[in-house]
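Per-entry structural report
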Amino acid sequence: MAGKAGKPNRPRKADKDEEEQPLLQAVLVADSFNRRFFPITKDQPRALLPLANVSMIDYTLEFLTSTGVQETFVFCCWMASKIKEHLRKSKWCRPTSPNVVHVITSDLYRSLGDVLRDVDAKALVRSDFLLVYGDVVSNIDISQALQEHKQRRNMDKNVSVMTMIFKESPPGHKTRCEDDDIIIAMDGKSKRILHYQRAQALKRLHFPMNIFHSGSDEFEIRFDLLDCHISICSPQVAELFTDNFDYQTKNDFVRGLLVNEEILGNQIHMHVTKDGYGARVSNLLMYDTVSSDTIRRWVYPITPEANFADQEGQSCTHSRHNVYRETGVSLGHGSQMEENVLIGRNTMIGANCTISNTVIGANCVIGDNVTLDRAYIWNRVHIADDVKVKQSVICDNVEVKHGVVLNEQCVLAYNVVVGPDITLPEGTVLSMHHPDEEDDEDDDEFLSDDNDVGYRKDKTKQKGSLFNPAEVGSEGKGYRWKTSSLEDTEEDDRAQFTLSNITWISQVYSNCSFPSVFQNEVHGTLQRGLDENISCDNLVLEINSLKYAYNISLKEVMQILIRVVLEFPFHQQGAQISTAQYSSHLLPVSMTLLKKWAPVFKNYVKRPQDQLDCLASMEEVFLERETHWAALVKVLMSMYQLEILEEEGIMHWFNQGSTTDKSQQLRRNQGLLKFIQWLQEAEESSEGDE
Amino acid sequence: MPSLLHQFWVDLLQDLPRFTETLVKMPGADKETDLSERIESFLSELKRCGSGAGSLRGSAETARETTALLRRITAQARWGNAGDLMEIIRKEGRRMTAAQPSETTVGNMVRRVLKIIREEYARSRGSTEEADQQESLHKLLTSGGSSEDNFRQHFAHLKANVIEAINELLTELEGTTDNISMQALEHIHSNEVIMTIGRSRTVEAFLKDAARKRKFHVMVAECAPFCQGHEMATSLSKEDIETTVIPDAAIFAVMSRVNKVIIGTQTVLANGGLRAVNGTHTLALAAKHHSTPLIVCAPMFKLSPQFPNEEDTFHKFVSPHEVLPFTEGEILSKVNAHGPVFDYVPPELITLFISNIGGNAPSYIYRLMSELYHPEDHEL
């Protein structure tokens, strides 16, 4: 299974890691910065909501600890003191805990971006770290992804800044919810993410064409992935958030990074896990599925009976059909626990009840003839006789009186009283908080992860503290809230769109002759730059904007730039100049040009591949003008001296099998051979020095 | 009064090294934190290693690690007399068994160590443990209070003796697999067809040992869905043993050709039954039907005073991923998938146990049990 190879030798591996780098750190964001769990989260932060009778944050911390994290920073904002209190009492803060947990609180965090900017400001992370939310439930063995990430970062320095973890789950899977549907274009070989988009309710998808020009020959466009919301980040991620103060969410960050990939040179990779489980409880529908997955033991070894949170007195037995019972549970005569049931300690259940797919917390009292199906009942709930509950959440201290029927997707928030003899329609949300008591300032405090899932207020003003008996029953207490996040995310067939709908808008562009126009523009820009003495930074900026305007790839930009610079003298002096003239012109003029624009080149020529491209285009220019071959050496020489080109690049280019006769001739050019010889000698002597 | 004073001095002298250490290092009590750290890491290790099928690390390793940890506790924890020590060991033992209830080896080793302490204590007192154990009804009536009171006496050499005895136990553990495989030639004869299921390190060593002298054929039931049988077959064929892998469904069909079934087990229960890897019950029934002898290779440390009716900890269900992959989304929402790991095999299906101390019938297990564990320790 998952860890067959990895797990037995974990301690030894950990030791080795310790030698290489100090610790594996994690940043845990214990705040969702959205209101999908409203109104429940008005009384309790989301990270502390019980999932299968254990707080969600405990699942996340257990996952981090078992994956080898030794230091975790927990960032909280909403109800930070409660989270802090919870963690202080938990096993994570015992001195023997292998994972040192630091809690950092601030009221100023409004988004993930703020948190990461703070991470950067406080310089908390020293090496690669895991970034998770406080509501992630997972048993994924991250070590392989971590290794891949490190390998990538060693291979080409600091280009890959983030590895996102995904889990395969095809459309229609229960653990997918439409809110989090994403579509990803990736490079099949290097696992690089080329395009990342939320597919929520989109009927058409657009892919920028340039992602298919990036030099790879294997693309995958995938819609069968579930974002586990676990990412391995390098410390640069925090810095990037600081640099780009407008990034609020991870979504912003990923999109921003991918769009600016060519400028910043940062890449994002992905890892698709095969046999682990990982999901984020991002809304109530996910709460339902993740709870049921936990009960059905998908997250093994994190199961209810494992008591991984190590809480006193919470021991649980597991028997047939996934029925879990904690201590002190009493079950009345004729009551049946059919399957996938978890019952908390000291809960009393009356006679002739039918319970299936349900989680019941501690100290609940449930009457006779109660039917519970897919109900999530938290602690100290009183349910009277003849109640029927279907797929609903009932929070702490709720009282459900005689004969109440809760239809699908009802939410009874803390302390609500319902009944007697009332049927709540589908999607009812009741809370002790009045929907209008929100003040606007509070509204701004939570930037939604995605703006479209914003919470809409019930505008029908209901002033006065009287409860509406039509809504909550004659003895009921609570206010009805209009929107339920369960309703928002009701399953429908909207997600079933096919990739055939994708329109290839960008294709139109690629057929046009933009490069030639672009070349003229670049030429004009450089000419102006020379005339008006514009600084190189501004030139780069202008060329970049031109690049976007004409939708030109980075490679083409470089080719054109080389061409423009090399042909500069021709444009100035007319086409018919001799070699001597050319070199004399190019060398004093163009060399000064080159020198002047060296930063421009350096900006575009970064990786070894860029150097080769640059040389290839240079070769192309000179092949067209046979007479000026002698000048090539001089250009090469000056480029080398300006450190735009490196000797490995030149040697590589020179040794590359030339395809045409002409280029072979070019390579046999006397001056060039001399230059190459000189380079070789220089290299040997430098090696000799070492 | 003088004896009390004397006791104080003896205590002080014995604690002197630790006492001075504490003085030098300030009240850090490094040893204790180090010890509890070790226990914690062992516990979390136990909790996690339970993933997948059966024992990933091999229960022999777990047994050794547990014993080594108990030795460390004996050496480093603060205790004045045997009673204290037993209390400490029992407490830690309870936590360790709770961490991974299906790994009975841990509890077994705790019981063995408790028995060692009892014996050493009795020896220091001059009486024999054997005499203590023969509790007659009369003795039970007259002794009144529990025997726990008797462990309050202090002996200076007790610690050294207990550690010495635990070391002996460790040596015994080291040699178990060898001791079992040494008996292989008595049971496996030339040109026999042997059937086994899944992968057991003990059986693997057993067969390999026999293969040095004899030629025989091994059928390995693959043991789906975890398919440890595949690994077993690869490992056996590397030793030039003629090996055939069969699906679990073919066990009954192939059984008529088989001369002997040799299996390993996870636990030997107190009634002589087995808790073994999933599919073993099928195999045992098929063997019974064809009157094929069923031999179980089980080292003594797998012998547990547990009975099969203690339902709670008996089962172990892992993630159903291997049974039905997570990617089968639409089907998953409509069905329940279970990933059970163990089978219970009743004792009447078993012909012989081969342990490191020789071969025994299932009916003799009760006797071994009373030799290895003290009856008071059955419940930790």
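Worth saying up front: this structure is predicted, and the values here are computed from it rather than measured. (Residues numbered from 1 in each chain as written. Chains lettered and ligands numbered in written order. Predicted model: local features only at pLDDT ≥ 70, side-chain atom pairs only at ≥ 80, totals over all residues. Heavy atoms only, no water.)

Looking only at helices and strands, chain A has 23 helices and 33 strands in total. Within chain A, the proportion of its 690 residues that are buried is 57%. Accessible surface, chain A: about 29,300 Å² in total, of which carbon and sulfur atoms supply 48%. (Helix = DSSP H or I, 4+ residues; strand = E, 2+ residues; numbered from the N terminus. Buried < 20%, exposed > 50% of the residue type's maximum accessible area, 1.4 Å probe, protein only. Areas by Shrake-Rupley, 256 points an atom, 1.4 Å probe, with all protein chains shown as cover.)

Before going further, it helps to spend a moment on the overall build of chain B. Each helix and strand counted, chain B has 16 helices and 12 strands in total. Looking at chain B as a whole, 51% of its 380 residues qualify as buried. Across chain B, the fraction of contacts at a sequence separation of at least 24, relative to all contacts at a separation of at least 6, is 80%. Of the roughly 17,300 Å² of accessible surface on chain B, 54% is carried by carbon and sulfur atoms. (Contact = heavy atoms within 4.5 Å.)

On inspection of all chains with the given rule, the structure shows 35 salt bridges over all chains. A salt bridge links A:Arg380 to A:Asp396, with the nearest nitrogen and oxygen atoms 3.7 Å apart. Placement of A:Arg380 in the loop between strand E24 (371–377) and strand E25 (382–383) and of A:Asp396 in the loop between strand E26 (388–394) and strand E27 (399–400) is noted, with a sequence separation of 16 residues between them. Judged by its relative accessible area of 38%, A:Arg380 is partly exposed. Note that B:Arg95 is salt-bridged to B:Glu40, the shortest N-O span being 2.8 Å. Linking B:Arg95 in helix H4 (residues 82–99) with B:Glu40 in helix H2 (residues 30–49), this pair joins segments that are 55 residues apart in sequence. If you follow the salt bridges from partner to partner, you end up with B:Glu87, B:Arg90, B:Arg118, B:Glu376 and B:Asp377 in one network. (Salt bridge = Lys/Arg side-chain N within 4 Å of Asp/Glu carboxyl O.)

The interface is formed by 39 residues belonging to chain A together with 35 residues belonging to chain B. Carbon and sulfur atoms make up 58% of the area that chain A and chain B hide from each other, which totals about 3,300 Å². At the junction of chain A and chain B, the tally comes to 0 salt bridges. Scanning the region where chain A abuts chain B turns up 6 residue pairs in polar contact (both at pLDDT 80 or more). Of all the secondary structure elements, the ones that give two or more residues to the side of chain A that touches chain B are helix H1 (10–20), helix H2 (56–66), strand E8 (160–168) and strand E15 (316–319) of chain A. Residues of the side of chain A that touches chain B, tallied by class, amount to 10 nonpolar, 14 polar and 15 charged. (Buried area = accessible area lost by both parts, 1.4 Å probe. Polar contact = N/O pair within 3.5 Å; in protein donor to acceptor, adjacent residues only side chain to side chain. Nonpolar A, V, L, I, M, F, W, Y, C, P; charged D, E, K, R; others polar.)

Residue and element names in this part refer to chain B. Along the chain, the position of Ala286 falls in helix H13 (residues 280–289). Sequence spacing of Ala286 and Leu349 is 63 residues, and the spatial spacing of their C-alpha atoms is 9.6 Å. The residues contacting Ala286, other than those within four sequence positions of it, are Ile251, Phe252 and Met255.

Moving on, we come to the packing of helix H3 (residues 59–76) of chain B against helix H8 (residues 158–182) of chain B. All names here are of chain B. The contact between H3 and H8 brings their axes to 10 Å, and the two run at 170°. The pairing of H3 with H8 is recorded here as roughly antiparallel in orientation. Together, Ala63, Arg64, Thr67, Ala68, Arg71, Thr74 and Ala75 of H3 and Lys159, Val162, Ile163, Ile166, Asn167, Leu169, Leu170, Leu173 and Glu174 of H8 make up the contact between the two elements. Looking at the contact of H3 with H8, its residues break down into 9 nonpolar, 3 polar and 4 charged. (Axes fitted to C-alpha atoms, helices over the stretch in contact; angles between N-to-C directions. Parallel < 35°, antiparallel > 145°, perpendicular 65-115°, else oblique.)

Glancing now at a negative patch on the surface. On the surface, A:Asp368, A:Asp385, A:Asp386 and A:Asp421 cluster together into a negatively charged patch. A residue is classified by how much of its surface remains accessible, and A:Asp421, at 56% relative accessible area, is exposed. (Patch = residues over 30% accessible without salt bridge, like charges linked within 9 Å, V, L, I, M, F, W, Y side chains within 5 Å. Lys, Arg positive; Asp, Glu negative; His and termini not counted. Charge placed at Lys NZ, Arg CZ, Asp CG, Glu CD.)

Right, let's get into the packing of aromatic side chains. Any pair of aromatic rings gets described here by the distance separating the centres and the angle formed by the planes. Residues and elements named next belong to chain A. Evaluated as defined, the whole model comprises 13 aromatic pairs over all chains. With 5.9 Å between their ring centres and 85° between their planes, Tyr247 and Phe253 make a pair best called edge-to-face. Judged by relative accessible area, which is 6%, Tyr247 ranks as buried. Since its relative accessible area comes to 0%, Phe253 is described here as buried. Through a chain of ring-to-ring contacts, three or more aromatic side chains come together here, namely Phe37, Tyr287, Tyr376, Trp378 and Tyr414. Over the face of the ring belonging to Phe223 we find Arg176, whose NZ or CZ atom lies 4.9 Å from the ring centre. The ring of Tyr133 carries the charged tip of Arg280 above its face, separated from the ring centre by 3.7 Å. (Phe/Tyr/Trp six-rings, centres within 6.5 Å; stacked < 30°, edge-to-face > 60°. Lys NZ or Arg CZ within 6 Å of the ring centre and 35° of its normal.)

Formally, a disulfide is one covalent bond, and it connects the sulfur atom of one cysteine to the sulfur atom of another. Residues and elements named next belong to chain A. The full count for this structure, using the stated rule, is 0 disulfides over all chains. For the unlinked cysteine Cys353, the closest cysteine sulfur is that of Cys364, found at 13 Å. Lacking any disulfide linkage, Cys410 is separated from the closest cysteine sulfur, that of Cys395, by 12 Å. (Disulfide = S-S within 2.5 Å.)

Here the focus is the sheet that holds strand E7 (residues 294–297) of chain B. All names here are of chain B. Across the sheet, which stays open at both edges, the 7 strands sit in the order E3-E2-E1-E4-E7-E11-E12 with mixed pairing between neighbours. Lying at the two open borders of the sheet, with one neighbouring strand each, are strand E3 (242–246) and strand E12 (358–360). For this sheet the average axis-to-axis angle between neighbouring strands, irrespective of direction, equals 25°. Direction of pairing for strand E2 (residues 217–221) relative to E3: parallel, over a ladder of 5 bridges. When the bridges of E3 are listed, Val220 appears paired with Val245. In the packing of helix H10 (residues 201–211) onto the sheet, the strands contacted are strand E1 (193–197), E2, strand E4 (260–263), E7 and strand E11 (352–355), and the crossing angle to E4 comes to about 130°. (Pairing = 2+ DSSP bridges.)

With that settled, consider the domain arrangement of chain A. Residues and elements named next belong to chain A. Segmentation of chain A into domains returns domain 1 (25–284), domain 2 (315–434 + 469–481) and domain 3 (513–685). Here domain 1 and domain 2 have C-alpha centroids that lie 34 Å from each other. Tallying the contact residues gives 11 residues for domain 1 and 17 residues for domain 2. It is Pro39, Ile40 and Asn53 that lose the most area in domain 1 upon contact with domain 2, and together they represent 46% of the buried surface on that side. Applying the counting criterion to the domain 1 and domain 2 interface returns 0 salt bridges. Between domain 1 and domain 2 we count 2 residue pairs in polar contact (both at pLDDT 80 or more) in total. Classifying every residue of the side of domain 1 that touches domain 2 by side-chain character gives 7 nonpolar, 2 polar and 2 charged. (Domains from an automatic or database assignment.)

Let us now look at a nonpolar patch on the surface. Together, A:Ile263, A:Leu264 and A:Tyr548 give the surface a local cluster of nonpolar side chains, amounting to about 250 Å² of exposed area. With respect to the helices and strands, A:Tyr548 occurs in helix H15 (residues 536–550).

Our focus in this paragraph is H10(B). Of all the residues in H10(B), the buried ones are B:Thr202, B:Val203, B:Glu204, B:Phe206, B:Leu207, B:Asp209 and B:Ala210. Measuring from the backbone nitrogen of B:Thr202 back to the side-chain oxygen at the start of H10(B) gives 3.3 Å, which picks out B:Ser200 as the cap.

A word on the domain arrangement of chain B. Residue and element names in this part refer to chain B. Assigned domains of chain B: these are domain 1 (28–128 + 154–169) and domain 2 (176–377). Domain 1 and domain 2 are separated by 28 Å when their C-alpha centres are compared. Between domain 1 and domain 2, the residue contacts involve 25 residues of the former and 24 residues of the latter. Taken over both partners, the interface formed by domain 1 and domain 2 buries close to 1,900 Å², and the fraction arising from carbon and sulfur atoms is 52%. Inspection of the domain 1/domain 2 interface yields 3 salt bridges. When the shortest N-O distance is used, the salt bridge between Arg90 and Asp377 registers 3.5 Å.

Residue position: B:His290 is located in the loop between H13 and E7. Look past the residues within four positions of B:His290 in its chain and what remains in contact with it is B:Phe252, B:Met255 and B:Ser256.

Moving on: the nonpolar core. Residue and element names in this part refer to chain A. Among the nonpolar cores identified, the biggest contains 69 residues, and Ile57, Phe166 and Ile230 are the most heavily contacted of them. Beyond its immediate stretch of four places on either side in the chain, Ile230 contacts Phe63, Leu130, Leu131, Val132, Val136, Ser138, Ile140, Ile142, Thr163, Met164, Ile165 and Lys250. The next biggest cluster of nonpolar side chains, apart from the first, holds 52 residues, and it includes Val600, Met618, Trp653 and Leu679. (Core = buried A, V, L, I, M, F, W, Y, C linked by side-chain atoms within 4.5 Å.)

Glancing now at the environment of A:Ser111. All names here are of chain A. Within the element layout of this structure, Ser111 appears in the loop between strand E5 (100–105) and helix H4 (112–122). Taking the relative accessible area as the measure of exposure, Ser111 reaches 2% and is therefore buried. With sequence-adjacent residues up to four places away left out, Ser111 is seen in contact with Phe33, Arg117 and Gln248.

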